[in-house]
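Each chain, written out:
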Amino acid sequence: MTFPRIDLHLHSTCSDGVESPTRVMEVAHAQGVNVVSLTDHDTTSGWDEARDACARLGMTWVPGIEFSASLEGDSVHLLGYLVDPTFPDLVEEAGKTRDDRVWRFESMVSKISADFPALTLEFVLTFHTEGGTLGRPTIARALLDLGVVGSVSEAFDEILAPDNDKYFVGHYAPTIERAIEVVLAAGGVPVFAHPWTAERASLARPGLSDQEIDAKFGALVDRGLAGLEVHHSENTPFGRERLAAIAAHYNLIVTGSSDYHGDGMKPVLPGEHTTDPDMFERIAALGTGSDIVRA
Ligand code: AMP
Ligand code: FE
Ligand code: FE
Ligand code: ZN
């Protein structure tokens, strides 16, 4: 048996990635990854295509979704593995988020175009793939094309940053407690995605003691949170250490992933961070809403 190399967090054109589910699986395969999950934001529409590609490439397929959520006013993400994609509350919450993103996208584009008139809605939409998520990555690519920024990441750090009140607009998302509840009810395994980034150290507000921060994670564990995505390029080095300690304290599943969004997007490739096989087997044992297809 080949040694498992497990990347459980990848995006395609079904949300805000720039490559098809098939292409994402091919890139993962080329990087030596052999257990994958496609975790598009607020949708499972890429599953069938990704599952077929995995079968063809000899990779183990793990169904996943990344829910947009809110936590103390911050935008955060919750991964849901092995959910039932037809579960009504899941379909409804994901649909509400996707719908509200349309209005939010148009208002961000209109605010930015007041200063950068070339950024018309029509122009930005040329960077959108039908069926995908309307979001900041689309606007970032348009800004890059116009030469306003030198890279997609620069657009995120400056013009599109959440603390840039001039341009940033939020969108509807369920609370993380609600998202955990929905993932569990759909038979899934809820894992807090990149919980400790510089952009949103949501539970680690300045002035909180270590014990207070631990207790905030503990409150989510009480709601059924099953894991933490510790190994992720956007978690700060300090955050990774603290998250590993919190996971050990509450006996949580620890995952690691690339969060690949396609060529030219985040500067990562599939397999950049990986999940340990024993942690993957804990996810496999807990989830009941959909099936892993093992290679
Ligand atoms: P939004 O959901 O519209 O607020 O945009 C946030 C999304 O942008 C998240 O899914 C991130 O994964 C993605 N993102 C953040 N930084 C980057 C980057 N440098 N390149 C591509 N996508 C990014
Ligand atoms: Fe994304
Ligand atoms: Fe995310
Ligand atoms: Zn993601």
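Throughout what follows, the structure given in this document is the object of discussion.

What counts, and where the lines are drawn
- Residues numbered from 1 in each chain as written.
- Chains lettered and ligands numbered in written order.
- Predicted model: local features only at pLDDT ≥ 70, side-chain atom pairs only at ≥ 80, totals over all residues.
- Heavy atoms only, no water.
- Axes fitted to C-alpha atoms, helices over the stretch in contact; angles between N-to-C directions.
- Helix = DSSP H or I, 4+ residues; strand = E, 2+ residues; numbered from the N terminus.
- Parallel < 35°, antiparallel > 145°, perpendicular 65-115°, else oblique.
- Left-handed = near helix turned anticlockwise from the far one by under 90°.
- Contact = heavy atoms within 4.5 Å.
- Nonpolar A, V, L, I, M, F, W, Y, C, P; charged D, E, K, R; others polar.
- Donors = N, O, S within 2.8 Å, 3.2 Å for Na, K, Ca; no water.
- Buried < 20%, exposed > 50% of the residue type's maximum accessible area, 1.4 Å probe, protein only.
- Arc of directions from axis to C-beta.
- Pairing = 2+ DSSP bridges.
- Near = heavy atom within 4 Å.
- Polar contact = N/O pair within 3.5 Å; in protein donor to acceptor, adjacent residues only side chain to side chain.
- Areas by Shrake-Rupley, 256 points an atom, 1.4 Å probe, with all protein chains shown as cover.
- Salt bridge = Lys/Arg side-chain N within 4 Å of Asp/Glu carboxyl O.

**Notes on the packing of helix α3 (residues 88-115) against helix α5 (residues 136-145)**
Where α3 contacts α5, the axes come no closer than 10 Å and their chain directions differ by 30°. Overall, the two elements α3 and α5 adopt an arrangement that is roughly parallel. For the pair α3 and α5, the crossing hand works out as right-handed. Contacts between α3 and α5 involve Arg 104, Phe 105, Met 108, Val 109 and Ile 112 on the former and, on the latter, Arg 136, Thr 138, Ile 139 and Leu 143. The residue inventory of the contact of α3 with α5, partitioned by class, reads six nonpolar, one polar and two charged.

**Re the packing of helix α1 (residues 21-30) against helix α2 (residues 47-57)**
At a minimum axis distance of 8 Å, the contact between α1 and α2 shows a crossing angle of 35°. In the crossing of α1 with α2, the sense of the turn from one axis to the other is right-handed. In this structure, α1 uses Pro 21, Thr 22, Met 25, Glu 26 and His 29 to contact α2, whose residues at the interface are Glu 49, Ala 50, Ala 53, Cys 54, Arg 56 and Leu 57.

**Here we look at the coordination of the iron ion (ligand 2)**
Protein coordination at the iron ion (ligand 2): the donors are Asp 16 (OD), Asp 16 (OD), His 41 (NE2) and His 261 (NE2), at 2.0 to 2.6 Å from the metal. Sequence spacing of the donors to the iron ion (ligand 2): D-x24-H-x219-H. Between the iron ion (ligand 2) and the iron ion (ligand 3) there is a metal-metal distance of 5.4 Å. You can see His 41 sitting in the loop between β2 (35-38) and α2 and its partner His 261 sitting in the loop between β7 (253-256) and α10 (277-286), a full 220 residues away along the chain. Comparing His 41 with His 261, the two get one shared label, buried.

**Brief notes about helix α7 (residues 176-185)**
Owing to its 3.6 residues per turn, the α-helix aligns residues three or four sequence positions apart on the same side. Of all the residues in α7, the buried ones are Ile 176, Ala 179, Ile 180, Val 182 and Val 183. End-on, the buried residues of α7 take up no more than an arc of 165°, which puts them together on one face. Looking at the buried side of α7, the elements it contacts are β3 (60-71), β4 (74-81), α3, β5 (189-192) and α8 (210-223). Following α7 by one or two positions, Gly 187 has its phi on the positive side, about 80°.

**A word on the coordination of the iron ion (ligand 3)**
Around the iron ion (ligand 3), the donor atoms from the protein are Glu 66 (OE), His 77 (ND1) and His 194 (NE2), and they sit 2.0 to 2.2 Å away. Written as a sequence motif, the donor residues of the iron ion (ligand 3) are E-x10-H-x116-H.

**Things to note about the sheet that holds β7**
Read across the open sheet, the seven strands follow the order β1-β2-β3-β4-β5-β6-β7; overall the sheet is mixed. Both outer strands of the open sheet, β1 (6-10) and β7, are each paired with one neighbouring strand and no more. Averaged over neighbouring strand pairs, the angle between their axes works out to 30° when direction is ignored. Running at roughly 115° to β7, α10 makes contact with β1, β2, β3, β4, β5 and β7 of the sheet.

**Overview of the environment of Leu 208**
Tracing the sequence through the fold places Leu 208 in the loop between β5 and α8. The exposure class assigned to Leu 208 is partly exposed, which follows from its relative accessible area of 26%. Those residues in contact with Leu 208 that lie beyond four places of it in its chain are Leu 203, Ile 213 and Lys 216.

**A word on the environment of Asp 52**
Note on placement: Asp 52 falls in helix α2. A relative accessible area of 54% places Asp 52 in the exposed class.

**A short note on the site of ligand 1**
Close to ligand 1 lie 14 residues, the nearest being His 41, Arg 101, Arg 104, Arg 136 and Lys 266. A distance of 2.8 Å separates an oxygen atom of ligand 1 from a polar side-chain atom of Lys 266. Coverage of ligand 1 by the protein amounts to 92% of the 490 Å² it exposes when considered alone. For the shell around ligand 1, the secondary-structure elements that each account for two or more residues are α3, α5 and α6 (152-157). Examining the composition of the shell around ligand 1, we find that three residues originate from one element, α6, more than from any other.

**Let's talk about the pattern of salt bridges**
Tallying each qualifying case throughout the model produces 13 salt bridges. A salt bridge links Asp 259 to Lys 266; the shortest N-O distance between them is 2.9 Å. Note on Asp 259: relative accessible area 1%, which makes it buried. Its relative accessible area of 23% is what places Lys 266 among the partly exposed residues. A network of salt bridges, in which partner residues are shared, links Asp 89, Glu 93, Arg 178 and Glu 181.

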